[in-house]
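Spelled out from the first residue to the last, the chains are:
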Amino acid sequence: MGTTIDEATDDLTARFTRDVPPLIDTLYRAARRYTVSTADAEDLVQETLTKAYAGFRSYTDGTNLRAWLLRIMTNIWISSYRTAQRRPDEVSADVTDAQLAAVAAHTSTGLPSAELAALEAMGDDEVRAALAELPVDQRLVVFYADVEGMRYKEIAAILDIPLGTVMSRLHRGRTRLRALLTEVAAARGYLRDGGCAA
């Protein structure tokens, strides 16, 4: 006797609830690289999880689930980014960035959220600011390679770009980061007189 539709759906739901939750922190970290605010990152993760759940039948069990989820997130972000580029800028005069940051950092336990803690662990303000100054295509490749520790092949699959493009963007992004952080490194004594690392 074959499996019924209900049994197949129950199996998919069980696999989704077993395999996806451990990857949510990774999704939040990636979403923070795509977006500029915690709320936008949360929305992007939520939409990614919704689409992933709806399309979980197309996921082949045993393949790279992290890459599959990040690919969905990338597609959503690209679509929303293009839509946002066609909209006029929106400005809220009622709430300051400092107020938003204070609210975002507060939870019911008084501790920062997991994604904010992960961003804090990434380095100091100058490093995060320098990373944010990179063009988005370079920023994402540098983030996936240097922060998430992904292989070039995984990054190429997630961003749907050739392997050579990953390597090129990573090289340009790292070179730009080095230039942006030279003054910080010199001020902290990491550089010798010739501009080389000590």
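Predicted model only: the values in this text are computed from it and were never measured. (Residues numbered from 1 in each chain as written. Predicted model: local features only at pLDDT ≥ 70, side-chain atom pairs only at ≥ 80, totals over all residues. Heavy atoms only, no water.)

With respect to the nonpolar core
Inference 1: Counting 45 residues, the largest nonpolar core has Met73, Tyr144 and Leu159 as the members making the most contacts within it.
Inference 2: For this core, the secondary-structure elements that each account for two or more residues are helix H1 (5-19), helix H2 (24-34), helix H3 (38-54), helix H4 (65-86), helix H7 (125-133), helix H8 (136-147), helix H9 (152-159) and helix H10 (163-180).
Inference 3: It is H4 that provides the largest number of residues to this core, a total of nine residues. (Core = buried A, V, L, I, M, F, W, Y, C linked by side-chain atoms within 4.5 Å. Buried < 20%, exposed > 50% of the residue type's maximum accessible area, 1.4 Å probe, protein only. Helix = DSSP H or I, 4+ residues; strand = E, 2+ residues; numbered from the N terminus.)

Examining the packing of aromatic side chains
Inference 1: Scanning all chains against the criterion turns up seven aromatic pairs.
Inference 2: Between phenylalanine 16 and phenylalanine 56, the aromatic rings sit 5.2 Å apart at their centres with planes inclined by 90°, giving edge-to-face as the arrangement. Of this pair, phenylalanine 16 sits in helix H1 while phenylalanine 56 sits in the loop between H3 and H4, placing them 40 residues apart in sequence. Grouping residues by exposure puts phenylalanine 16 and phenylalanine 56 together as buried.
Inference 3: A centroid spacing of 5.4 Å and a plane angle of 20° characterise the contact between phenylalanine 56 and tyrosine 59, whose relative ring orientation is stacked. There is no split in this pair, since phenylalanine 56 and tyrosine 59 are both buried.
Inference 4: The rings of Phe16, Tyr53, Phe56, Tyr59 and Trp68 are connected pair by pair, giving a single aromatic cluster. (Phe/Tyr/Trp six-rings, centres within 6.5 Å; stacked < 30°, edge-to-face > 60°.)

Some words on the confidence of the model for the protein
Inference 1: Summing up the model confidence of the protein, the mean pLDDT is 77 and the portion of residues at 70 or higher is 72%.
Inference 2: Of all the helices and strands in the protein, helix H6 (residues 114-121) carries the lowest mean pLDDT, 40, while H3 carries the highest, 92.
Inference 3: The low-confidence segment residues 105-122, where pLDDT is below 50, has 22 contacts with residues more than four positions distant or belonging to other chains. (pLDDT = per-residue confidence, 0-100. Contact = heavy atoms within 4.5 Å.)

Considerations on the pattern of salt bridges
Inference 1: Applying the stated rule across the entire model yields seven salt bridges.
Inference 2: In this structure, glutamate 154 engages arginine 66 in a salt bridge whose closest nitrogen and oxygen atoms are separated by 3.0 Å. Of the two residues, glutamate 154 is situated in helix H9 and arginine 66 in helix H4; the sequence distance between them amounts to 88 residues.
Inference 3: When its relative accessible area of 22% is taken as the criterion, arginine 66 is described as partly exposed.
Inference 4: Among the ionic pairs, aspartate 137 bridges to arginine 169, the shortest N-O distance being 3.5 Å. (Salt bridge = Lys/Arg side-chain N within 4 Å of Asp/Glu carboxyl O.)

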